[in-house]
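The chain contents come next:
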Amino acid sequence: MAAEKQLNVSDQVAVDITKMNKWYGAFHVLRDIDLTVYQGERIVIAGPSGSGKSTLIRCINALEEHQKGKITVDGTLLSNDLKNIDKIRSEVGMVFQHFNLFPHLTILENCTLAPIWVRKTPKREAEEVAMHFLEKVKIPEQANKYPGQLSGGQQQRVAIARSLCMRPRIMLFDEPTSALDPEMISEVLDTMIQLAEEGMTMLCVTHEMGFARKVANRVIFMDQGQIVEQNEPEEFFNNPKSDRTKLFLSQILGH
Amino acid sequence: MARDQLAFVRTHMLPEAPPPTAQTGAVKWLRENLFSSPGNALLTLVSAYVVFQIVISTAPWFINGVWESPSLTACREILDGKMGGCFAVLTERWNQLLFGFKYPSELYWRPGLAFVLLFIAAAPVLFGKIFPRKMLIFTGLYPFIAYWLIWGGSVLVPVFALLGVLVGAFTYSRVVTISAGVAVIAAFVAALIFWILSGYVTGPMENVMAIQAVASRDMGGFMINLMLGVVCVSLSLPLGILLALGRQSSMPIIKWICVVFIEFIRGVPLITLLFVANVVLAYFLPPGTNFDLILRVIIMITMFSSAYIAEVIRGGLAALPRGQYEAGDSLGLDYAQSMQLIILPQALKISIPGIVNVAVGLFKDTTLVSVISMFDIVGMIRGPILASSEWNGVYWELFGFACVLFFITCYGISQYSQWLERQLRTDHR
């Protein structure tokens, strides 16, 4: 199983983070983060709340600014230059906890907006691409509705389709199932699993440990702004090394 | 027995059923809304009596109203002691109430035509889904057409003004690839240079294709209120948006310019600004320059209402969750795109009631120009009409007429805004 998962991983580096530090005012949120993500890797980042896991992936597409260290995304060094940031953002898709669909636009318009305005794709073509991805997340029939008319699970799948329409090389998921009703979690996870099977590079912050076991090829455990432990999922769950990890796992898998 | 009742298995699911058919009809409505309790029945009867008394006491004033008479004295003779309104002042002085007392009467058709064209120009902006987008070309040309119709003079003036705008737009499109901010400034400077240069052309050629010119000081009546209202609302909305965005800017200089402007303007009464426009501005201008009074007033009212609109829009911007900004950012949209496509459409939708509030207030505040000796509708009533020997003493009819004109316009604006809000609702339908 583990070997099979490794298959799609190439030695091409997708994201490279070295000695990255971030502060909120005087509060040191991220401390000396070193992380190399290879093309095709599926990484799950776990940890207690406030451990900096969301902040970490938000630094990758510069939604949060880091103060020290280097982040290289797909060969481009992240700098303060707006053009550079926009370029990286258009290569990196992001799915949020609260979906953040645009409520004043239809589902289809949500999906075609960025391709039309950022990629300058002709409208017709952008709509075809959007319908392709909406079919993939299994809601093409909702294309002309507004986000407010959809269930949470459907909205999150639209959000995934919206990101995919930009043909990103890397996908970031920031607790994509945390705001969902329990019965809707699996439909979103299924979409993510499908995406992983196609070889998408993914970084997921999530508490879905079943998903981590099934899909991830690496699990990262963070606490107090640091990477405490990382390993293959089998080893990580069955044989955690650090006491902090053991405690965390016992708390979330305890019942 | 009790044990048996604990277990239950549904054998078939209930189909969806319609709600019980409500009893309808006028009697039910009356009973529910007007006579639901003895207290409410009493209130209903008392209010009905009050309404009845008001109608009874004012009806003769309308019914006996005199619509044709040369003066108030003649009107009172016709009434012969009966109660009745002298509406003759409206039929006799309607032209002054609408156009002022100096606008040449043979040219009334020109502002009239401009007024009719206003609806055609506004239609595609107000009802974008119903009218074809190509009509927006006419909307763009309308200000120049309307200017020419109302002020008259050589056609070259509005044509060169339009060309100046085009020069600015062209400059903008050339420079925008470098930086949007620089492009705006460059476009403004280019247009300004073009206008100053074109002054040398239009000056000596003021009779080329000219229609009879009317000076600003000859204009008056409700026309002035409408002109100021339409121009100032349409200018202060974009300016207010820029100020609101500027106030949120991360660039400190831009931010502070906007904050100081907004706070200063909001802290000063409109009437003092109008006095500034009327008197003080003249001191700052080079001697001999003829800076049109209407233009000065337009600048002041626009500044005033744009500060208010900016604050209303800031409220709308603040109401948007941060996730909307982040979603736009994460898709790679730049600042201008995410404002134009994501943030402003939602923020403006939230701000509609507030913006309409400011717009209606602004429109009514245009009557304040009467204190700086402009003869708008209130200025006309208080000045030339009430001061005339024929109509000295007719208050209710004249001010009532002004109220009706303002009410129709403001009520129309309010109804439009409610319609627009319903149109833009996307949450549940």
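Right, let's walk through the structure included here. (Residues numbered from 1 in each chain as written. Chains lettered and ligands numbered in written order. Predicted model: local features only at pLDDT ≥ 70, side-chain atom pairs only at ≥ 80, totals over all residues. Heavy atoms only, no water.)

## With respect to unusual backbone geometry
The line we're drawing: The way it works is that DSSP assigns letters per residue, a run of H or I at least four long becomes a helix, a run of E at least two long becomes a strand, and they are numbered from the N terminus. For every residue, the accessible area (1.4 Å probe, protein chains only) is compared with the maximum for its type, and the residue is labelled buried under 20%, exposed over 50%, or partly exposed between those bounds.
In this structure, F99 of chain A takes a positive phi of about 60° despite not being glycine. Checked against the element boundaries, F99 of chain A lands in the loop between β6 (92-95) and α4 (107-117). Notably, D80 of chain B is not glycine yet its phi reads approximately 55°, a positive angle. Position of D80 of chain B relative to the elements: it lies in the loop between α4 (72-79) and α5 (88-99). Overall, the relative accessible area of 64% leaves D80 of chain B in the exposed class.

## With respect to the sheet that holds β6 of chain A
Residue and element names in this part refer to chain A. What counts, and what does not: Two strands are said to pair when DSSP picks up at least two bridges between them. In this analysis, axes come from line fits to C-alpha atoms, helices being fitted only over the stretch in contact, and the angle between any two N-to-C directions falls in the range 0 to 180 degrees. It only takes one pair of heavy atoms within 4.5 Å for two residues to be counted as in contact.
Here six strands make up an open sheet; going across it, the order is β6-β7-β8-β3-β9-β10 and the pairing mixed. Each edge of the open sheet carries a strand with a single partner, namely β6 and β10 (226-231). Each adjacent strand pair in this sheet contributes to an overall mean axis angle of 20°, direction not counted. Docked against the sheet, helix α2 (residues 53-60) engages β3 (42-46), β6, β7 (170-174), β8 (201-205) and β9 (218-223), running at close to 150° with respect to β7.

## Structural notes on the sheet that holds strand β5 (residues 76-77) of chain A
Residue and element names in this part refer to chain A. Pairing is antiparallel in the open sheet, where four strands are placed in the order β2-β1-β4-β5. With one partner strand each, in any of the chains shown, β2 (27-38) and β5 form the two edges of the open sheet. Each of β1 (13-24), β2 and β4 (68-73) is contacted by α2, which is oriented at about 120° to β1, the strand it contacts most.

## Quick word on empty space enclosed by the protein
Selection rule: A cavity here means a set of 1 Å grid points, computed over protein atoms only, where a 1.4 Å probe fits but cannot escape. A pocket is an open set with protein on both sides within 12 Å along at least 5 of 7 lines, and lining residues have an atom within 4 Å of a point. Grid points are joined across faces, edges and corners, and a volume is the space filled by probe spheres set on the points. When residue character is reported, Ala, Val, Leu, Ile, Met, Phe, Trp, Tyr, Cys and Pro are called nonpolar, Asp, Glu, Lys and Arg charged, and the others, Gly included, polar.
A complete count under the given rule lists five cavities of 30 Å³ or more for this structure. Taken together, R89, S90, V92, G93, M94, S163, M166 and P168 of chain A together with S330 and L331 of chain B make up the full set of residues lining the second largest cavity. If you list the elements that add at least two residues to the lining of the second largest cavity, you get α3 (82-91) and β6 of chain A. The dominant element in the lining of the second largest cavity, judged by the number of residues it contributes, is β6 of chain A, at three residues. A class-by-class count of the residues in the lining of the second largest cavity yields five nonpolar, four polar and one charged.

## Overview of the packing of aromatic side chains
Residue and element names in this part refer to chain B. Cut-off, in case you're wondering: Two rings from Phe, Tyr or Trp (for Trp, the six-membered ring) form a pair when their centres sit within 6.5 Å of each other. Planes less than 30 degrees apart are called stacked, planes more than 60 degrees apart edge-to-face, and all others tilted.
If you walk through the whole model with that rule in mind, you get 23 aromatic pairs over all chains. Judged by centre distance (6.1 Å) and plane angle (65°), the rings of W94 and Y108 are edge-to-face. In this pair, W94 is assigned in helix α5 and Y108 in the loop between α5 and α6 (109-126), connecting sequence segments 14 residues apart. A relative accessible area of 13% places Y108 in the buried class. Judged by centre distance (5.4 Å) and plane angle (85°), the ring pair of F127 and Y416 falls under edge-to-face. Note that F127 is positioned in the loop between α6 and α7 (135-151) and Y416 in helix α17 (residues 396-423), a separation of 289 residues in sequence.

## Examining the nonpolar core
The following threshold applies: In plain words, nonpolar cores are sets of buried Ala, Val, Leu, Ile, Met, Phe, Trp, Tyr and Cys residues tied together by side-chain atoms within 4.5 Å.
In terms of nonpolar packing, the biggest core is built from 95 residues, with I17, I45, L56 and L203 of chain A together with Y103, M219 and I294 of chain B touching the most fellow members. Top contributing element to this core by residue count: helix α13 (residues 293-319) of chain B, with 11 residues. Setting aside its immediate chain neighbours within four residues, L56 of chain A contacts I17, M20, L30, I33, L35, I45 and M222 of chain A.

## Observations regarding the pattern of salt bridges
Applicable threshold: Salt bridges are counted wherever a side-chain nitrogen of Lys or Arg sits within 4 Å of a carboxyl oxygen of Asp or Glu.
The tally for this structure, following the rule as stated, stands at 22 salt bridges over all chains. When the shortest N-O distance is used, the salt bridge between K102 of chain B and D218 of chain B registers 3.9 Å. With K102 of chain B in the loop between α5 and α6 and D218 of chain B in the loop between β2 (210-211) and α10 (222-247), this pair connects stretches of sequence that are 116 residues apart. Residue K102 of chain B is classed as partly exposed on the basis of its relative accessible area, which comes to 42%. Connected via shared salt-bridge partners are K22, R58 and E64 of chain A together with R322 and E326 of chain B.

## Looking at the interface of chain B and chain A
We apply this condition: Defined in terms of a 1.4 Å probe, buried area is the accessible area two parts forfeit on being brought together, summed over both. A 3.5 Å cut-off defines polar contacts: any pair of N or O atoms within that distance qualifies, except that in protein one atom must be a possible hydrogen donor and the other a possible acceptor, and neighbouring residues in sequence count only when both atoms are side-chain atoms.
Across the contact, 21 residues belong to chain B and 25 residues belong to chain A. Summing the contributions of chain B and of chain A, the shared interface buries around 2,000 Å²; its carbon and sulfur component is 57%. Of all residues in chain B, the largest losses of buried area upon contact with chain A belong to S330, L331 and T426 of chain B, amounting jointly to 29% of the total for that side. Taken together, the links from chain B to chain A amount to two salt bridges. Between D329 of chain B and R89 of chain A there is a salt bridge, and its shortest N-O distance comes to 4.0 Å. Inspection of the region where chain B meets chain A yields six residue pairs in polar contact (both at pLDDT 80 or more). For the side of chain B that touches chain A, the secondary structure elements donating two or more residues are α14 (322-330) and α15 (335-365) of chain B. Considering only residue class, the side of chain B that touches chain A consists of six nonpolar, nine polar and six charged.

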